[in-house]
Amino acid sequence: MVKLLEIRDGVKTKNNVFSYTSDNIIREGDTLVVFESGDNIKQIVMKRNQTFQNKFGAFPHNDIIDKLQFGTKMYSKTMMGWVYILRPNSHIYTSSLAQRTQILYTPDISQVLFRLELRPGFRVVESGTGSGSLSVSIMKAIVPTGHLFTYEFNQVRSQRAIEDFQRLGFYPQNVHVTHRDVLNNGFLLKDESTGEFLVNENTIDAIFLDLPSPEKAVPHAYKVLKRGGKLCNFSPCIEQVQKAVQEMARQGFYEIKTYETLSKDFSSSHHNYQSFKQQVKPTIVTEENGNKQQDNLGDTNTGNLNKRQLKQKDKGMLVTAPKIESRGHTGFLTFAIKF
Amino acid sequence: MVKLLEIRDGVKTKNNVFSYTSDNIIREGDTLVVFESGDNIKQIVMKRNQTFQNKFGAFPHNDIIDKLQFGTKMYSKTMMGWVYILRPNSHIYTSSLAQRTQILYTPDISQVLFRLELRPGFRVVESGTGSGSLSVSIMKAIVPTGHLFTYEFNQVRSQRAIEDFQRLGFYPQNVHVTHRDVLNNGFLLKDESTGEFLVNENTIDAIFLDLPSPEKAVPHAYKVLKRGGKLCNFSPCIEQVQKAVQEMARQGFYEIKTYETLSKDFSSSHHNYQSFKQQVKPTIVTEENGNKQQDNLGDTNTGNLNKRQLKQKDKGMLVTAPKIESRGHTGFLTFAIKF
Amino acid sequence: MLRKIKHFKAMVDLGQLIGKEYGQFFEVRDSKSGELIEVTDVHQLTNQFLEDVDFGDAEENEEVKEIIDPVAGRDNRDYVDDNKSQKLSHEEIEALKKQGMSGNELIQQLVQNSETFSKRTKFSQEKYLRKKKQKYQITFQLKKPTALELCNVYSQTQPAKIMGLRADSLALLLNMANINQESRVILLDKTKGLLTGALIEKDVREILHVEFTGHQLKLQNEIFLEYNYKPDKVKRIQYLHHTNLDQSIVQSDSLLNAIIQTKTKHYNSMIMVHEDFNQVEMYNHIEHLIQPSASIAVFSLYIQSLAELKDHLLTNKKAVNIKIEELWTREYQVLPMRTHPNMNMHGASGFILSAVKVE
Amino acid sequence: MLRKIKHFKAMVDLGQLIGKEYGQFFEVRDSKSGELIEVTDVHQLTNQFLEDVDFGDAEENEEVKEIIDPVAGRDNRDYVDDNKSQKLSHEEIEALKKQGMSGNELIQQLVQNSETFSKRTKFSQEKYLRKKKQKYQITFQLKKPTALELCNVYSQTQPAKIMGLRADSLALLLNMANINQESRVILLDKTKGLLTGALIEKDVREILHVEFTGHQLKLQNEIFLEYNYKPDKVKRIQYLHHTNLDQSIVQSDSLLNAIIQTKTKHYNSMIMVHEDFNQVEMYNHIEHLIQPSASIAVFSLYIQSLAELKDHLLTNKKAVNIKIEELWTREYQVLPMRTHPNMNMHGASGFILSAVKVE
C-alpha cells in the first residue's frame, strides 16, 4: 500500500483517508465509499486486479485506479446500474460502521469533538476503542501532529482497530492502541522497548470515557490530564452519570456539565391538495435515494389527466415531516475541566 | 350570582364556566376572558355597574351584560382601543393562571386527562390543589355527575381554591376541597356532619399526585383507588420518580409507565430573499398579536419601491421556526394501574 | 378487542373470556387444552421494577442477592446466567418452546430440572418463579377499547390509518378544543373514526361530521366501529357531505337551507384532522357554522399546512390566541440502576394549531 | 475577553490579570482596593455536587449532616435556614452587599457573627466556608476566546448576530463539513466571523470567504476579531465578493478569469450560514468551485429554505446522502437527589442540511 507524502509547513505528512488531493483522482490503496443508497454504503480498498460486485454487476478496480475521480458515478461492466464512488468523510465512515455494530453516532461525536475543543497537535486518551468510529473522528481533528491513545478491554476489538487505523493511514504515526482494563489499571503507558512514558501524569489534553463504571476511571483520568485538560464521559444510564459526576467533583474537576443531544431527521415531499373547484385526487410525491416515486393516498382513480397537468404546472406544496422511527436516547455526555 | 339551570338527560345541571349557551350572550355572573394580546389575558366576573379599565380606557360591564356575545370585539368607551371578550376554555384559563404562579401547563394537563381516561361521572382525587389549574381541567372532564376531591397542604391556597371553584360554577356540586397533609394522613375522608365516607377504600377512579415525596403517598393512593383505577404522579426530579415507581410496583400497581412531554412553540413569518438579478434588501415580516410589523434585517436602506412591489406581488416564503425561549422540563408523569 | 392472540402457538378458545372483567390478565395453563388461567400475582408482571427490593411477606432475605442483575452496560453485560444448576440447555428450552409448550408447562420443566430449586427458601422460590414467568409466560390482558388504547395500537401498527396521530397529540388536540360534556363539535375527521369515538367517550352533546371524501361511511368508520358504542351514543353524530354546504346548493334546497340555518354559529368546538384539501379552504367552507369564541384545534403532519392556516386566520382577524406547537414525548425506563430514556421513540408528533374564533 | 466584569460593584483594575494563565479563577479580596486573589480550592466552585460527600482529608464526619439540604420540592422546600446561630439578619446581610462589600469580606462578617462557627470541627468549618463562598463570593474565570466559548456567549446574549447558531449546531455543522487540517473550505458566512474563526481554530489549509453583503469587512468580522488570531493564521482566508463570480464579469476580466480557473473544483468543504438570498441561488452561484465528493453543510433557521435546497440537489442529481436534521440538546442538573433536565432550554437549534457533492 503506497501512501503519498505531502510537505506542509516544512513537516512531511503521511496522508490519511480524509486527505485532500487537488486532482481528486483515486489511487491504489485508497479507501473509498461505494454509495448505492443512503441505506447501502460500503467501504472498499482499491487494489489492482480486484473487482467489486453488487446487484448491478462487476466494478473492476483497474477501471477506477488512476482513472476516476472521487464523487463521480460509475456504471457496472454490464451497464445494469451505477454507484457513486466517494471519498469517505467522517460522517459516512461512522454511518458505514453503524450498519454492523453499536457505535457512538454522528450527533454525539460532533459534540465530543467540539466541546473537548480538539485541534491539531492534541494528545488525547479514549477508552474503550469499540468499533473505532469515534477514534477516527478524533484523529481527523488532531492530525498531523497530534496523537490518540486508545484503550480497549476486548483483545479482538483492539486488534481489529489497529488494522482499520493502518488501512486508513493513521497507524502508527497518530494512534496507539492498548489492550487493557483501564478501570483497574489506569492510563499510564510506557513504551515497551525504550521504557519511556508514552502517557504520563499531567500530559494529556483531553480524555473520553465510554465505560460501564465510569466513576472508577475518573481518578485515573484526573491523573493523566493536564491542568485545564478536558474530560468527557458518555453513559446511557442516569445512575452512571450521577456517580461519575460526584467523582469528578470529588477529584477536582470543575465546570461539570451534562448534556443530552438527539437528532431528528426530516423527510420532504410534494403534497398536492384537492381543490374544491376541480376535484383532483391528492398525490404525494415522495423521494427516496434520488428516484421519484408516486404514492396515491386516495382509493378511487379519478382525473388522471388532471393529475398529470397539475404535476407539470405545480409540484404541490413542499412539505417536511420528521421521520417516525427515531432515536430516543443514546446517552448522556458529561464534560468537565481539570482544575 | 345567578346560574342558569339546564335539563340534560333528565338531570338538572348547574352551569359552569365552560357551559354552552346557544345564544352565546354574556350574562351577569359569567366569568369572561379579556384578551388584549397573547401575553395579556385577564379573567373578570360580570357584575352590573362595574367597569373594567385598561390602557385603552373603560369597558363598562353594563355595555356587555345581556348585550354582547362571547368572541366579539369591544371598543373602550373612548374608542382608544379594543379588546376581545372570550368565553374561557381550559387552556386560556390555565394561561391566565400561569402569569401569577407556578402551575402544571397545558401539555402536561392534556396528558393527565387523556391517559387517566377521565370522563363524566368519574370520582377523582388530586393532591396538591395548588393554583387549581389542573383541578379545573379535571372538573371540565368529569362534570356534571363526577366529583373531584382535592387536598391541599397550604390553608390559604385551599381557601382560595374554594372561592375560585365557586366563582366558576363547580363548587360545591363537583368538588370538595380538603386542607390536609396527605403524606401523613392519606385520602380517607368523612362528611363531618353525617359521618359518612366521602372518600372510602376502593372507591376512586383516578388519582393525581404532585407532592414532594410521592412515594409516601402511593400506599394511600392504592388504598382508595378501585381495582383498575389509575394513578398519575408528577415529579420534577428523577430520584422522586425512581422512589415512587418502586413503591408503585411494591404496592401492586402494574403498567407503570413514565413519560416526559414538552411542547415547542413555532412562530411564522414571511421571509423575503434578495435576488441576484434585482438587489432588494431582505425583509422579514413578523406578526405579533395580529398586528403586522416589519423588521428590516439589513443595515442599508435600498430599493424601498421594489420592496413594496415585492410585498404586493408576493409576500415571500412563509417560514416557521421554533421559539428560542422554551421550556426544557416541567416534570415526569408516571402512570400506573391498580391490580 | 383481543390483541396479542397471534402470539399463541396453542389454540385457545376465546369463549373462555366471556363474562370476564376488562383489565384481567390471563396465561395459558397448558398447550393441549388451551385452558386459560387468570394471573393473580401482580408482581409477576412487575418483577423487573423490584429486583433488589424486599417485598411481600418474605421471612428470609439472604438469598436475594444471588439473582440480582448487574448494572446494564452497553456491551451485553446485562446478560447473566443465573441458573447454572439448570440441567436443560438453552437449545433444549428453545426446542420445547417451538413444540408449542405453554410457558406454564415450560416453567414446571425448569423447576423439575433445577438442582437447586428445592434447596431455595420459599421467598427465593417465589422470586425465581416470578422471573421465569416474566421470561417465558405469555400473559395477555382484556382491555376495553378506549380512545387511548386504540390510538396506541394504531400509532404503533398502522399510523397512516389515523393520519399519524399519536396519543399525546390526540390528548392535546382534545384539550385545546376544550372538549367536555357540553361540547357541540364540528368535526373534519380522516382518522377512520378514532377521533369521533374519542369525542363520544367524552360524552359530548352533539357532533357534526363533515365528510370530504366520497367513500362509504363504513370504510371511513372502520375504527369507530371498534369502540362498540350503543346506538343511543351514536345518534349524537350527524353526517353531512361538504358539497351540501356549497352556497349554490343550499340556497336552491329549502329543507337543507333550513337545517343549515339552525346550525349557523352553533358549534363551540372545531377539530380538523384532514388534509386531502388545503386546510384554509376547508376551514372557510365550514367557518359560518362555528360560534364566536369557539375553540379551534387542527392537526397536521406538516407544519407548512398549519403555517398557511395561521397566516390566513391572522391576516383576516378570524381568530386570536393562535398557536402552532409540536409535542415531544418520550418514555423512560425507570429500573433500579438502569434508568434512562427509551432508546427508540416515535419522532413524528405532527403539529397542532389552536385558536379561538372571533368576529 | 473579560465577561462577568459587570457583576462587580467594586472597581477592579484588570491590569492585575496580565500575565495570568487562561483558565484561572479569581475573586475580589476586598472592595476598596479591588485586589484580586486567585481561587485555589476547586471545591469552592463545585460545592453543590458534594453536599453529602465526604471528600478531602477530613477527620471528623459527624457534623456533616447538619448542613445537608433536603430534597428540593416544588414548593420552595429547598430553602433551609442552616445558620440559626447567625446574628446578622437577612436584611443586614443584604445591606452589606448593597454597600459594595466584597464576598470575601462579607463571609468574614458572617464568621465573626456566628455563635457556633468556632465550635465546629475543622472539616465542618471548611464546608461552611465553601458553602458561603459559593453563595456570596463572585468568582470569575479568565477564558481563552475559542469558538465554543464565543458561540456560547453570543447564543445566550445576541443570537441574531450569529444567525441563531447554537454550540451544538455549530459542532454538527463543522463535523458534517468534515473539517480537518486538510480542508479547503468555501464559506458563505453571515455569523460575523464566528464560523470563520472556528475554521482557523481547526487549522484548515485554506478558506474562500464569498461575500454576499456590501458591508465593510470590519463589521462583518466583528466576532472574528475577538479570536485575536496572529496574521499568519488570518492570511489563509481569501475574501471574494459574489459579483466577482458572475460569468459575464469573470469572462471579461482575464486576471479574475485566471484566478477562478485555479479555484474551479478546488474546495473539498462547503459551509453556508447565510440566507439573505435564496439558498438554492447561492449554492448555484458557487457550485463550480466545489470538488466532487466534497462535504456540504448548510445551516438555516427555517426548514423551508433547506427543503428547497434539498429538492434542488436531489432533482438535479447534484448530491447524495442528503439529510436535513434538527438537533435537540438539553442540559441536565445532576445534583444529589435533585437530578432533572434544566427547566429552560434554547428551543431553536435551527436545521442542518448535509450532503456529498457528486457529478
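- Where an unreviewed UniProt entry is consulted, chain C appears under the name tRNA (adenine(58)-N(1))-methyltransferase non-catalytic subunit TRM6, with the organism given as Stylonychia lemnae.
- One UniProt comment on chain C, placed under Sequence similarities (unreviewed entry), says "Belongs to the TRM6/GCD10 family."
- Under Subcellular location (unreviewed entry), UniProt gives the following word-for-word description of chain C: "Nucleus".

- Under the annotation held in an unreviewed UniProt entry, chain A carries the name tRNA (adenine(58)-N(1))-methyltransferase and is attributed to Stylonychia lemnae.
- UniProt, in the comment section headed Sequence similarities (unreviewed entry), describes chain A in these words: "Belongs to the class I-like SAM-binding methyltransferase superfamily. TRM61 family."
- Under Catalytic activity (unreviewed entry), UniProt gives the following word-for-word description of chain A: "adenosine(58) in tRNA + S-adenosyl-L-methionine = N(1)-methyladenosine(58) in tRNA + S-adenosyl-L-homocysteine + H(+)".

What to know about the interface of chain A and chain D
Then comes step 1: Across the boundary between the two partners, chain A contributes 75 residues, which contact 75 residues of chain D.
Then comes step 2: Inspection of the region where chain A meets chain D yields 4 salt bridges.
Then comes step 3: As a salt-bridge pair, Glu331 of chain D and Lys257 of chain A come within 3.5 Å of each other at their nearest N and O atoms.
Then comes step 4: For the interface between chain A and chain D, the tally reads 31 residue pairs in polar contact (both at pLDDT 80 or more).

Thoughts on the UniProt feature "binding site: S-adenosyl-L-methionine" (unreviewed entry) in chain A
Residues and elements named next belong to chain A.
Then comes step 1: On the UniProt side, "binding site: S-adenosyl-L-methionine" (unreviewed entry) is annotated at positions that read Ser131, Gly132, Ser133, Leu134, Glu152, Asp181 and Asp210 here.
Then comes step 2: With respect to the secondary-structure elements, Asp181 resides in the loop between strand S11 (175–179) and helix H5 (182–185).
Then comes step 3: Those residues in contact with Asp181 that lie beyond four places of it in its chain are Phe153 and Gly186.
Then comes step 4: At 3.2 Å, the side chain of Asp181 forms a polar contact with the backbone nitrogen of Leu183.

Notes on the environment of Asp13 of chain D
Then comes step 1: Looking at the secondary structure, you find Asp13 of chain D in the segment before strand S1 (25–30).
Then comes step 2: In the structure, Asp13 of chain D is positioned 183 residues away from Thr196 of chain D in sequence and 32 Å away in space, judged by C-alpha atoms.

Remarks on the state of the cysteines
Then comes step 1: Counting across every chain of the model gives 0 disulfides over all chains.
Then comes step 2: Residue Cys237 of chain B stays outside any disulfide, its sulfur separated by 16 Å from that of Cys232 of chain B, the closest cysteine.
Then comes step 3: According to the relative accessible area criterion, Cys237 of chain B is buried, its value standing at 3%.
Then comes step 4: A disulfide-free cysteine, Cys151 of chain C has its sulfur positioned 18 Å from the sulfur of Cys232 of chain B, the nearest such atom.
Then comes step 5: Residue Cys151 of chain C is classed as buried on the basis of its relative accessible area, which comes to 0%.

With respect to unusual backbone geometry
Then comes step 1: Following Ser127 of chain A, the chain continues into Gly128 of chain A via a peptide bond in cis, with omega recorded as -5 degrees.
Then comes step 2: Looking along the chain, the bond that leaves Val143 of chain B and enters Pro144 of chain B is cis, with omega of 5 degrees.
Then comes step 3: Mapping Pro144 of chain B onto the fold places it in the loop between helix H3 (133–142) and strand S10 (147–152).
Then comes step 4: With a phi close to 65 degrees, Asn24 of chain A is a non-glycine residue in the positive phi region.
Then comes step 5: You can see Asn24 of chain A is positioned in the loop between strand S2 (11–14) and strand S3 (31–37).
Then comes step 6: You will see that Lys317 of chain D, though not glycine, has its phi angle at about 50 degrees, which is positive.
Then comes step 7: Residue placement: Lys317 of chain D occurs in the loop between helix H12 (303–315) and strand S9 (319–333).

Focus: helix H6 (residues 194–201) of chain D
Residues and elements named next belong to chain D.
Then comes step 1: The element H6 is largely enclosed, with a buried count of 8 among its 8 residues.
Then comes step 2: Residues of H6 that are buried include every one of Leu194, Leu195, Thr196, Gly197, Ala198, Leu199, Ile200 and Glu201, and no others.
Then comes step 3: One or two residues past the end of H6 sits Asp203, with phi positive at roughly 65 degrees.

Some points on the side chain of Ser293 of chain D
Then comes step 1: Following the sequence through the fold, Ser293 of chain D ends up in strand S8 (residues 290–300).
Then comes step 2: According to the relative accessible area criterion, Ser293 of chain D is buried, its value standing at 8%.
Then comes step 3: If we skip the residues at most four places from it in the chain, Ser293 of chain D touches Phe70, Gly71, Leu86 and Arg87 of chain A together with Val356 and Lys357 of chain D.

Details of the packing of helix H2 (residues 103–112) of chain D against helix H3 (residues 122–136) of chain D
Residues and elements named next belong to chain D.
Then comes step 1: Their axes nearest at 10 Å, the elements H2 and H3 cross at an angle of 135 degrees. When the interaxial angle is binned, H2 and H3 end up oblique. H2 and H3 meet at a crossing whose hand is right-handed. On H3, the residues that touch Gly103, Asn104, Leu106, Ile107, Leu110 and Val111 of H2 are Tyr128, Leu129, Lys132, Lys133 and Tyr136.
Then comes step 2: Class assignment of the residues belonging to the contact of H2 with H3 gives a composition of 7 nonpolar, 2 polar and 2 charged.

Some details on the sheet that holds strand S3 (residues 139–141) of chain C
All names here are of chain C.
Then comes step 1: Taken in spatial order, the 3 strands of this open sheet run S2-S1-S3, and their pairing is antiparallel. Of all the strands in the sheet, the pair left with one neighbour each is strand S2 (35–38) and S3. On average, adjacent strands in this sheet sit at an angle of 40 degrees to one another, irrespective of strand direction.
Then comes step 2: The sheet contact formed by strand S1 (residues 25–30) and S3 spans 3 bridges and is antiparallel. Looking across to S3, one finds that Glu27 is bridged to Thr139.
Then comes step 3: Helix-sheet contacts for helix H2 (residues 103–112) involve S1 and S2, and the interaxial angle to S1 is about 60 degrees.

Some points on the environment of Val175 of chain A
Residues and elements named next belong to chain A.
Then comes step 1: Locating Val175 in the fold gives a position in strand S11.
Then comes step 2: Owing to a relative accessible area of 2%, Val175 belongs among the buried residues under this scheme.
Then comes step 3: Counting along the chain gives 13 residues from Val175 to Ile162, while the straight-line C-alpha distance between them is 8.7 Å.
Then comes step 4: Dropping the residues within four chain positions of it, Val175 is found in contact with Met139, His147, Leu148, Thr150, Phe165 and Phe170.

Concerning the interface of chain C and chain B
For an interface, size is often stated in terms of accessible area lost upon the parts coming together.
Then comes step 1: With 75 residues of chain C at the contact, the number on the chain B side is 75 residues.
Then comes step 2: Taking both sides of the interface into account, the surface hidden between chain C and chain B amounts to around 6500 Å²; carbon and sulfur atoms contribute 54%.
Then comes step 3: Inspection of the chain C/chain B interface yields 5 salt bridges.
Then comes step 4: A salt bridge links Asp265 of chain B to Lys323 of chain C, with the shortest nitrogen-to-oxygen separation between them at 3.9 Å.
Then comes step 5: At the boundary of chain C with chain B, the tally comes to 31 residue pairs in polar contact (both at pLDDT 80 or more).
Then comes step 6: When residues of the side of chain C that touches chain B are traced back to their parent elements, those giving at least two are helix H4 (147–157), helix H5 (167–176), strand S8 (290–300), helix H12 (303–315), strand S9 (319–333) and strand S12 (351–357) of chain C.

What counts as what
- Residues numbered from 1 in each chain as written.
- Chains lettered and ligands numbered in written order.
- Predicted model: local features only at pLDDT ≥ 70, side-chain atom pairs only at ≥ 80, totals over all residues.
- Heavy atoms only, no water.
- UniProt positions renumbered as here; feature names shortened; annotations may be inferred.
- Contact = heavy atoms within 4.5 Å.
- Salt bridge = Lys/Arg side-chain N within 4 Å of Asp/Glu carboxyl O.
- Polar contact = N/O pair within 3.5 Å; in protein donor to acceptor, adjacent residues only side chain to side chain.
- Helix = DSSP H or I, 4+ residues; strand = E, 2+ residues; numbered from the N terminus.
- Disulfide = S-S within 2.5 Å.
- Buried < 20%, exposed > 50% of the residue type's maximum accessible area, 1.4 Å probe, protein only.
- Axes fitted to C-alpha atoms, helices over the stretch in contact; angles between N-to-C directions.
- Parallel < 35°, antiparallel > 145°, perpendicular 65-115°, else oblique.
- Left-handed = near helix turned anticlockwise from the far one by under 90°.
- Nonpolar A, V, L, I, M, F, W, Y, C, P; charged D, E, K, R; others polar.
- Pairing = 2+ DSSP bridges.
- Buried area = accessible area lost by both parts, 1.4 Å probe.

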